[in-house]
Amino acid sequence: MRKRDVLFAGLGLLVAWQIAAMLVNKPVLPPPADVLKAFALSLPDELGRHLLVSSLRVIASIALAVAAAVPIGLAIGLSPVADRIAAPLIYLLYPIPKIVFLPVIILLLGIGNVSKVFIIALILFFQILVVVRDEASNLRPELIASVRSLGAGRRAVFRFVYLPACLPAVLTSLRVSVGTAIAVLFFAESFATTSGLGYYIIVETWGRLAYAEMYAGVVAMSLLGLTLYFVVDGLERRLCPWLSV
(Lines give C-alpha, C1' and ligand atoms only; values in the text may rest on other atoms or scores of the structure.)
Protein backbone atom coordinates (compact mmCIF):
# COMPACT_ATOMS: atom_id res chain seq x y z
CA MET A 1 0.00 0.00 0.00
CA ARG A 2 1.39 3.39 -0.99
CA LYS A 3 1.86 6.12 1.61
CA ARG A 4 0.01 8.55 -0.65
CA ASP A 5 -3.10 6.39 -0.54
CA VAL A 6 -2.95 6.25 3.25
CA LEU A 7 -2.57 10.02 3.38
CA PHE A 8 -5.60 10.56 1.15
CA ALA A 9 -7.63 8.13 3.25
CA GLY A 10 -6.66 10.04 6.40
CA LEU A 11 -7.65 13.36 4.83
CA GLY A 12 -10.97 11.82 3.80
CA LEU A 13 -11.63 10.74 7.37
CA LEU A 14 -10.85 14.23 8.65
CA VAL A 15 -13.27 15.75 6.15
CA ALA A 16 -15.99 13.28 7.15
CA TRP A 17 -15.29 14.03 10.81
CA GLN A 18 -15.57 17.78 10.19
CA ILE A 19 -18.89 17.34 8.37
CA ALA A 20 -20.23 15.13 11.17
CA ALA A 21 -19.17 17.67 13.80
CA MET A 22 -20.96 20.44 11.90
CA LEU A 23 -24.13 18.35 11.58
CA VAL A 24 -24.19 17.28 15.22
CA ASN A 25 -23.12 20.73 16.45
CA LYS A 26 -22.72 19.63 20.06
CA PRO A 27 -19.73 19.57 22.44
CA VAL A 28 -19.85 15.77 22.48
CA LEU A 29 -18.40 15.75 18.93
CA PRO A 30 -15.78 18.51 18.63
CA PRO A 31 -14.27 19.32 15.22
CA PRO A 32 -10.94 17.73 14.35
CA ALA A 33 -9.07 21.03 14.67
CA ASP A 34 -10.00 21.26 18.37
CA VAL A 35 -9.02 17.65 18.96
CA LEU A 36 -5.71 17.98 17.17
CA LYS A 37 -4.95 21.10 19.18
CA ALA A 38 -5.72 19.27 22.43
CA PHE A 39 -3.59 16.36 21.21
CA ALA A 40 -0.62 18.62 20.51
CA LEU A 41 -0.93 20.39 23.87
CA SER A 42 -1.38 17.27 25.99
CA LEU A 43 1.06 14.92 24.23
CA PRO A 44 4.18 16.35 25.95
CA ASP A 45 2.43 16.03 29.32
CA GLU A 46 -0.20 13.57 30.59
CA LEU A 47 -1.22 12.07 27.25
CA GLY A 48 2.38 11.27 26.36
CA ARG A 49 2.91 9.48 29.67
CA HIS A 50 -0.20 7.36 29.24
CA LEU A 51 0.70 6.62 25.61
CA LEU A 52 4.14 5.39 26.66
CA VAL A 53 2.65 3.09 29.30
CA SER A 54 0.12 1.64 26.85
CA SER A 55 2.78 1.17 24.16
CA LEU A 56 5.04 -0.77 26.50
CA ARG A 57 2.15 -2.95 27.64
CA VAL A 58 0.93 -3.88 24.18
CA ILE A 59 4.45 -4.47 22.79
CA ALA A 60 5.30 -6.71 25.74
CA SER A 61 2.03 -8.59 25.26
CA ILE A 62 2.63 -9.19 21.56
CA ALA A 63 6.22 -10.29 22.16
CA LEU A 64 5.15 -12.70 24.90
CA ALA A 65 2.34 -14.15 22.78
CA VAL A 66 4.62 -14.69 19.77
CA ALA A 67 7.40 -16.21 21.87
CA ALA A 68 4.96 -18.73 23.36
CA ALA A 69 2.58 -19.43 20.47
CA VAL A 70 4.98 -19.85 17.54
CA PRO A 71 7.10 -22.74 18.90
CA ILE A 72 4.06 -24.47 20.40
CA GLY A 73 2.10 -24.05 17.16
CA LEU A 74 5.01 -25.45 15.14
CA ALA A 75 5.41 -28.39 17.50
CA ILE A 76 1.70 -29.24 17.32
CA GLY A 77 1.40 -28.74 13.57
CA LEU A 78 4.44 -30.86 12.74
CA SER A 79 3.57 -33.74 15.03
CA PRO A 80 0.39 -35.78 14.35
CA VAL A 81 0.54 -37.21 17.86
CA ALA A 82 0.81 -33.79 19.48
CA ASP A 83 -1.96 -32.50 17.25
CA ARG A 84 -4.31 -35.31 18.29
CA ILE A 85 -3.66 -34.47 21.95
CA ALA A 86 -3.82 -30.69 21.64
CA ALA A 87 -6.60 -30.30 19.06
CA PRO A 88 -9.48 -31.04 21.49
CA LEU A 89 -8.07 -28.59 24.03
CA ILE A 90 -7.69 -25.87 21.41
CA TYR A 91 -11.19 -26.62 20.12
CA LEU A 92 -12.63 -26.11 23.60
CA LEU A 93 -10.51 -23.16 24.74
CA TYR A 94 -10.21 -21.04 21.59
CA PRO A 95 -13.89 -19.91 21.34
CA ILE A 96 -14.02 -18.85 25.01
CA PRO A 97 -13.80 -15.03 25.32
CA LYS A 98 -10.70 -14.74 27.48
CA ILE A 99 -11.53 -11.16 28.46
CA VAL A 100 -14.15 -12.49 30.91
CA PHE A 101 -11.27 -13.77 33.04
CA LEU A 102 -9.86 -10.26 33.51
CA PRO A 103 -11.38 -9.78 37.02
CA VAL A 104 -9.92 -13.13 38.10
CA ILE A 105 -6.53 -12.29 36.60
CA ILE A 106 -6.53 -8.91 38.36
CA LEU A 107 -7.31 -10.65 41.66
CA LEU A 108 -4.45 -13.09 41.11
CA LEU A 109 -1.84 -10.80 39.53
CA GLY A 110 -2.85 -7.39 40.88
CA ILE A 111 -3.75 -4.16 39.13
CA GLY A 112 -0.27 -3.45 37.78
CA ASN A 113 1.23 -4.08 34.37
CA VAL A 114 1.49 -7.85 34.78
CA SER A 115 -2.26 -8.47 34.68
CA LYS A 116 -2.76 -6.24 31.62
CA VAL A 117 0.12 -7.82 29.72
CA PHE A 118 -1.02 -11.33 30.65
CA ILE A 119 -4.65 -10.96 29.51
CA ILE A 120 -3.64 -9.44 26.16
CA ALA A 121 -0.95 -12.07 25.61
CA LEU A 122 -3.42 -14.84 26.52
CA ILE A 123 -5.91 -13.67 23.89
CA LEU A 124 -3.27 -13.20 21.20
CA PHE A 125 -1.66 -16.54 22.07
CA PHE A 126 -4.60 -18.56 20.81
CA GLN A 127 -5.04 -16.45 17.66
CA ILE A 128 -1.40 -16.95 16.69
CA LEU A 129 -1.29 -20.58 17.83
CA VAL A 130 -4.16 -21.68 15.60
CA VAL A 131 -2.76 -19.97 12.50
CA VAL A 132 0.76 -21.32 12.99
CA ARG A 133 -0.47 -24.84 13.74
CA ASP A 134 -2.62 -24.91 10.60
CA GLU A 135 0.21 -23.56 8.44
CA ALA A 136 2.73 -26.05 9.84
CA SER A 137 0.39 -29.01 9.40
CA ASN A 138 -0.12 -28.09 5.73
CA LEU A 139 3.59 -28.31 4.87
CA ARG A 140 4.12 -30.90 2.15
CA PRO A 141 6.05 -33.94 3.45
CA GLU A 142 7.94 -34.30 0.16
CA LEU A 143 9.36 -30.79 0.61
CA ILE A 144 10.78 -31.70 3.98
CA ALA A 145 12.02 -35.06 2.67
CA SER A 146 13.82 -33.40 -0.25
CA VAL A 147 15.69 -31.07 2.09
CA ARG A 148 16.61 -33.94 4.40
CA SER A 149 17.88 -35.92 1.43
CA LEU A 150 20.46 -33.19 0.89
CA GLY A 151 21.86 -33.86 4.35
CA ALA A 152 20.06 -31.10 6.24
CA GLY A 153 19.72 -31.63 9.98
CA ARG A 154 16.90 -30.46 12.24
CA ARG A 155 18.31 -26.97 12.58
CA ALA A 156 18.70 -26.54 8.84
CA VAL A 157 15.21 -27.89 8.16
CA PHE A 158 13.79 -25.47 10.69
CA ARG A 159 15.71 -22.53 9.22
CA PHE A 160 15.14 -23.20 5.52
CA VAL A 161 11.74 -24.95 5.53
CA TYR A 162 9.65 -24.54 8.67
CA LEU A 163 10.47 -20.91 9.42
CA PRO A 164 10.11 -19.48 5.87
CA ALA A 165 6.89 -21.46 5.37
CA CYS A 166 5.28 -20.33 8.64
CA LEU A 167 6.66 -16.80 8.89
CA PRO A 168 4.02 -15.24 6.58
CA ALA A 169 1.29 -16.90 8.65
CA VAL A 170 2.84 -15.55 11.86
CA LEU A 171 2.95 -12.02 10.45
CA THR A 172 -0.60 -12.31 9.12
CA SER A 173 -1.84 -13.41 12.52
CA LEU A 174 0.05 -10.51 14.08
CA ARG A 175 -1.59 -8.07 11.68
CA VAL A 176 -5.01 -9.43 12.61
CA SER A 177 -4.10 -9.43 16.30
CA VAL A 178 -3.06 -5.78 16.46
CA GLY A 179 -6.66 -4.54 16.50
CA THR A 180 -7.57 -7.14 19.10
CA ALA A 181 -4.62 -6.17 21.26
CA ILE A 182 -5.55 -2.47 21.21
CA ALA A 183 -9.21 -3.23 21.99
CA VAL A 184 -8.32 -5.47 24.93
CA LEU A 185 -5.77 -2.92 26.10
CA PHE A 186 -8.44 -0.21 26.19
CA PHE A 187 -10.82 -2.42 28.16
CA ALA A 188 -8.12 -3.58 30.58
CA GLU A 189 -6.98 -0.02 31.25
CA SER A 190 -10.47 1.39 31.74
CA PHE A 191 -10.70 0.21 35.35
CA ALA A 192 -8.52 -0.94 38.27
CA THR A 193 -5.54 1.10 37.09
CA THR A 194 -4.12 4.61 37.23
CA SER A 195 -2.25 4.76 33.92
CA GLY A 196 -2.63 4.00 30.24
CA LEU A 197 -4.71 5.42 27.43
CA GLY A 198 -7.82 3.54 28.54
CA TYR A 199 -7.57 5.21 31.94
CA TYR A 200 -6.89 8.57 30.30
CA ILE A 201 -9.94 8.30 28.03
CA ILE A 202 -12.45 6.93 30.53
CA VAL A 203 -11.38 8.44 33.85
CA GLU A 204 -9.33 11.56 33.23
CA THR A 205 -11.25 13.03 30.28
CA TRP A 206 -14.66 11.40 29.74
CA GLY A 207 -15.32 11.48 33.47
CA ARG A 208 -14.99 15.27 33.53
CA LEU A 209 -16.61 15.82 30.11
CA ALA A 210 -13.38 17.06 28.52
CA TYR A 211 -14.42 15.93 25.07
CA ALA A 212 -11.54 17.39 23.06
CA GLU A 213 -9.00 15.73 25.35
CA MET A 214 -11.01 12.51 25.29
CA TYR A 215 -10.89 12.38 21.49
CA ALA A 216 -7.18 13.21 21.67
CA GLY A 217 -6.77 10.01 23.70
CA VAL A 218 -8.78 8.11 21.08
CA VAL A 219 -6.50 9.52 18.37
CA ALA A 220 -3.43 8.45 20.38
CA MET A 221 -4.77 4.91 20.76
CA SER A 222 -5.63 4.80 17.05
CA LEU A 223 -2.14 5.96 16.13
CA LEU A 224 -0.66 3.29 18.39
CA GLY A 225 -2.60 0.59 16.58
CA LEU A 226 -1.79 2.08 13.17
CA THR A 227 1.92 2.24 14.00
CA LEU A 228 1.98 -1.39 15.10
CA TYR A 229 0.15 -2.35 11.90
CA PHE A 230 2.73 -0.54 9.77
CA VAL A 231 5.56 -2.17 11.75
CA VAL A 232 4.16 -5.62 10.96
CA ASP A 233 3.84 -4.62 7.28
CA GLY A 234 7.46 -3.50 7.30
CA LEU A 235 8.58 -6.75 8.90
CA GLU A 236 6.72 -8.71 6.24
CA ARG A 237 8.43 -6.82 3.42
CA ARG A 238 11.81 -7.29 5.06
CA LEU A 239 11.50 -10.90 6.24
CA CYS A 240 9.30 -12.27 3.44
CA PRO A 241 10.47 -10.49 0.26
CA TRP A 242 9.25 -13.40 -1.91
CA LEU A 243 5.63 -12.45 -1.16
CA SER A 244 5.95 -9.19 -3.12
CA VAL A 245 7.59 -10.78 -6.16
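Residues numbered from 1 in each chain as written. Predicted model: local features only at pLDDT ≥ 70, side-chain atom pairs only at ≥ 80, totals over all residues. Heavy atoms only, no water.

Further remarks concern the overall build of the protein chain. Looking only at helices and strands, the protein chain has 10 helices and zero strands in total. Mapped from its N terminus to its C terminus, the protein chain presents α and β elements in the order α-α-α-α-α-α-α-α-α-α. Taken across its 245 residues, the protein chain has 40% of its residues classed as buried. In the protein chain, 74% of the contacts between residues at least 6 apart in sequence involve partners at least 24 apart. For the protein chain, the exposed surface amounts to about 14000 Å²; the carbon and sulfur share of it is 71%. Within the protein chain, one finds 20 positive and 13 negative side-chain charges whose respective centroids are separated by 7 Å. (Helix = DSSP H or I, 4+ residues; strand = E, 2+ residues; numbered from the N terminus. Buried < 20%, exposed > 50% of the residue type's maximum accessible area, 1.4 Å probe, protein only. Contact = heavy atoms within 4.5 Å. Areas by Shrake-Rupley, 256 points an atom, 1.4 Å probe, with all protein chains shown as cover. Lys, Arg positive; Asp, Glu negative; His and termini not counted. Charge placed at Lys NZ, Arg CZ, Asp CG, Glu CD.)

Right, let's talk about the environment of Ala 20 for a bit. Secondary-structure assignment places Ala 20 in helix H1 (residues 3-24). Taking C-alpha positions, Ala 20 is 37 Å from Phe 101, a pair spaced 81 residues apart along the chain.

Here we come to helix H2 (residues 32-42). By the burial criterion, the buried members of H2 are Pro 32, Val 35, Ala 38, Phe 39 and Ser 42. Looking straight down H2, one finds its buried side chains confined to an arc of 125°; they lie on one side. Facing away from the buried surface of H2 by more than 90 degrees, the exposed residues are Ala 33, Lys 37 and Leu 41. (Arc of directions from axis to C-beta.)

Here we take up the confidence of the model for the protein chain. Residues with a pLDDT of 70 or more make up 91% of the protein chain, whose mean pLDDT is 85. Ranking the elements of the protein chain by mean pLDDT puts helix H7 (residues 141-149) last with 67 and H2 first with 92. (pLDDT = per-residue confidence, 0-100.)

Let us look at helix H4 (residues 80-93). Taking 1.5 Å of rise per residue, the 14 residues of H4 would be expected to cover 20 Å, and the 20 Å separating its terminal C-alpha atoms lies within 8% of that figure. Of all the bends in H4, the greatest reaches close to 35° and is centred on Ala 86; the proline Pro 88 follows between one and four positions later. (Expected span 1.5 Å × (residues − 1). Bend = angle between axes of the 7 residues up to and from the residue.)

Moving on: the environment of Gln 127. On the secondary structure map, Gln 127 appears in helix H6 (residues 113-137). With 49 residues separating them along the chain, Gln 127 and Val 176 place their C-alpha atoms 8.7 Å apart. For Gln 127, the side chain forms a polar contact with the side chain of Ser 177, separated by 2.9 Å. (Polar contact = N/O pair within 3.5 Å; in protein donor to acceptor, adjacent residues only side chain to side chain.)

Below, the discussion takes up the packing of helix H9 (residues 197-205) against helix H10 (residues 211-239). At a closest axis distance of 9 Å, the pairing of H9 and H10 adopts a crossing angle of 170°. Judged by the angle between their axes, H9 and H10 are roughly antiparallel. Residue-level contacts link Leu 197, Gly 198, Tyr 200, Ile 201 and Thr 205 of H9 to Glu 213, Met 214, Gly 217, Val 218, Ala 220 and Met 221 of H10. A class-by-class count of the residues in the contact of H9 with H10 yields seven nonpolar, three polar and one charged. (Axes fitted to C-alpha atoms, helices over the stretch in contact; angles between N-to-C directions. Parallel < 35°, antiparallel > 145°, perpendicular 65-115°, else oblique. Nonpolar A, V, L, I, M, F, W, Y, C, P; charged D, E, K, R; others polar.)

Most peptide bonds take the trans configuration, and most residues that are not glycine carry a negative phi. Even without a glycine there, the phi angle at Asn 25 is positive, about 55°. In this fold, Asn 25 is placed in the loop between H1 and H2. Under the relative-accessibility criterion, Asn 25 is labelled exposed at 65%. If you check the backbone angles, Leu 209 has positive phi at about 60° while not being a glycine. Here Leu 209 lies in the loop between H9 and H10.

Over the atoms, a rolling probe the size of a water molecule traces out where space has been left empty. Taken as a whole, the largest pocket holds about 530 Å³ of empty space. Forming the walls of the largest pocket are 22 residues, and the residues nearest its centre are Gly 10, Leu 13, Ser 222, Leu 223 and Leu 226. When contributions to the lining of the largest pocket are tallied by element, the ones reaching two or more residues are H1, H2 and H10. (1 Å grid on protein atoms, 1.4 Å probe; cavity = no way out; pocket = protein on both sides within 12 Å on 5 of 7 lines; lining within 4 Å. Points joined across faces, edges and corners; volume = space filled by probe spheres on them.)

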